[in-house]
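Listed here are the chains, written in short residue letters.
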Amino acid sequence: MTAPLRLGTRGSALAMAQSGQVAAALTAATGRQVELVEVVTAGDRSTAPVHRLGVGVFVSALRDALAADAIDFAVHSYKDLPTEAAPGLHIAAVPARQDPRDALVATGGRTLAELPPGARIGTGALRRIAQLHALGLQLEVTPIRGNIDTRLARVLGPAADLDAVVLARAGLARIGRADVITETLDPMLMLPAPAQGALAVECRVDDQDLVELLALLDHAPTRAAVTAERALLATLEAGCSAPVAAYAVIAEGEPTDSDAAGVNGDEIYLRGAVISPDGARDLRLSRTGTPADAAEIGKALAAELLELGADSILGREGHTGPGTQELGSTE
């Protein structure tokens, strides 16, 4: 009898939920049984502010477990991954993405526009903090961290001390809490983090049988969108104190007489932004191309942002450093 595949996951409700969903999908597609193996990361143990924890703090322990053959594969929130590839490891699948937009949870069922000046709104992401400031709504933005339930308690619990929080809609949906959302924020107001709402299924590159098995879960449009967003992030070489946002959408091409399949020329539309933490400077650009050129589109858009002064917004004009991403203990 074939032994169950060992899937490494963080122990938070969100991580367990999304890992369980991947496990169920793999079993349904292949018949292979999967067992979840909890791995505690440095980010789970720390109480420091999220943006001060460093690159890959929520994934390094999972990758160490993969390298040590303690697990067979791992599921990550893709936005937690460093932009550099991990030696010996391979992203074998990027499943279909959940809704990547941010969501507001506010008292009294209010929307963002209905919050009065001085209302206290919490978020753990510098990207969100910067964009909230850029809206000019005179809100009091409070940095917070913790798992989804901890953050929701700051608004909905008996000891609530905030008027609202902003979270990723995907995370709330994955743990069955989408009902608490009072507004899903338009990307024109709040552009998501690169790869928000997407998962990365990672295994050892030399485990070819598993690479091929996991590839059944891959969703090509999601992989292309995430590739473009993360190429932009990597090219900007943004530090963890830099609010960078990116969102790519794949649109089907128009049918043509010469296209036997009925569709020709799918298009990728990428939006990117670099915003100063106080919201005073806000660079936003977009670029289009084909999904096959996703990485090049991301690099080109980042180059345009740099030409317009993104380096000065990032606080490192003339400096080159390692790439990172918006880190978070929750979607």
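Quick summary incoming for the structure in this document. (Residues numbered from 1 in each chain as written. Predicted model: local features only at pLDDT ≥ 70, side-chain atom pairs only at ≥ 80, totals over all residues. Heavy atoms only, no water.)

A word on the sheet that holds strand β1 (residues 5–9)
Okay, step 1: The five strands are arranged β2-β1-β3-β10-β4 in an open sheet whose pairing can be described as mixed. The sheet is open, and its two edges are formed by β2 (34–38) and β4 (89–93), each paired on a single side. On average, each strand axis in the sheet is inclined to that of its neighbour by 35°, with strand direction left out of account.
Okay, step 2: Looking at chain direction, β1 and β2 are connected through five bridges and run parallel. Within β2, the position partnered with L7 by the bridge is L36. (Pairing = 2+ DSSP bridges. Helix = DSSP H or I, 4+ residues; strand = E, 2+ residues; numbered from the N terminus. Axes fitted to C-alpha atoms, helices over the stretch in contact; angles between N-to-C directions.)

A look at the environment of L162
Okay, step 1: Here L162 is to be found in the loop between α5 (148–156) and β8 (164–168).
Okay, step 2: Along the backbone, L162 and R120 are 42 residues apart, and their C-alpha atoms lie at a distance of 5.2 Å.
Okay, step 3: Among all residues touching L162, those that are not within four sequence positions of it are T107, R120, G122, T142, I144, R154 and V155. (Contact = heavy atoms within 4.5 Å.)

Re the pattern of salt bridges
Okay, step 1: Scanning the model with the defined rule gives 18 salt bridges in all.
Okay, step 2: Note that E296 is salt-bridged to K299, the shortest N-O span being 3.5 Å. One end of the pair, E296, and the other, K299, are both in helix α9 (residues 294–307), three residues apart, so they sit about a helical turn from each other.
Okay, step 3: When its relative accessible area of 40% is taken as the criterion, K299 is described as partly exposed.
Okay, step 4: Taken together, the salt bridges that share partners define one network made up of R6, D69, D72 and R204. (Salt bridge = Lys/Arg side-chain N within 4 Å of Asp/Glu carboxyl O. Buried < 20%, exposed > 50% of the residue type's maximum accessible area, 1.4 Å probe, protein only.)

Quick notes on α5
Okay, step 1: For α5, the full list of buried residues reads I148, R151, L152 and V155. All buried residues of α5 project into a common sector of 95° when viewed along the axis, lining one side.
Okay, step 2: Against the buried residues of α5 lie α1 (13–30), β5 (102–106), β8 and α6 (169–174). (Arc of directions from axis to C-beta.)

Quick word on the packing of helix α8 (residues 220–236) against α9
Okay, step 1: Where α8 meets α9, the closest approach of the two axes is 7 Å, and the angle between their N-to-C directions is 35°. Like other packed secondary-structure pairs, α8 and α9 cross with a definite hand, here right-handed. In this structure, α8 contributes A224, T227, A228, A231, L232, T235 and L236 to the contact, and α9 contributes A294, A295, G298, K299, L301, A302, L305 and L306.
Okay, step 2: Residues of the contact of α8 with α9, tallied by class, amount to eleven nonpolar, three polar and one charged. (Left-handed = near helix turned anticlockwise from the far one by under 90°. Nonpolar A, V, L, I, M, F, W, Y, C, P; charged D, E, K, R; others polar.)

Things to note about unusual backbone geometry
Okay, step 1: Positive phi, close to 60°, is recorded for D69, a residue that is not glycine.
Okay, step 2: A positive phi is found at A195, a non-glycine position, where the angle reads about 70°.
Okay, step 3: Along the polypeptide, A195 turns up in the loop between β9 (183–184) and β10 (199–204).
Okay, step 4: Residue classification places A195 among the buried positions, given a relative accessible area of 0%.

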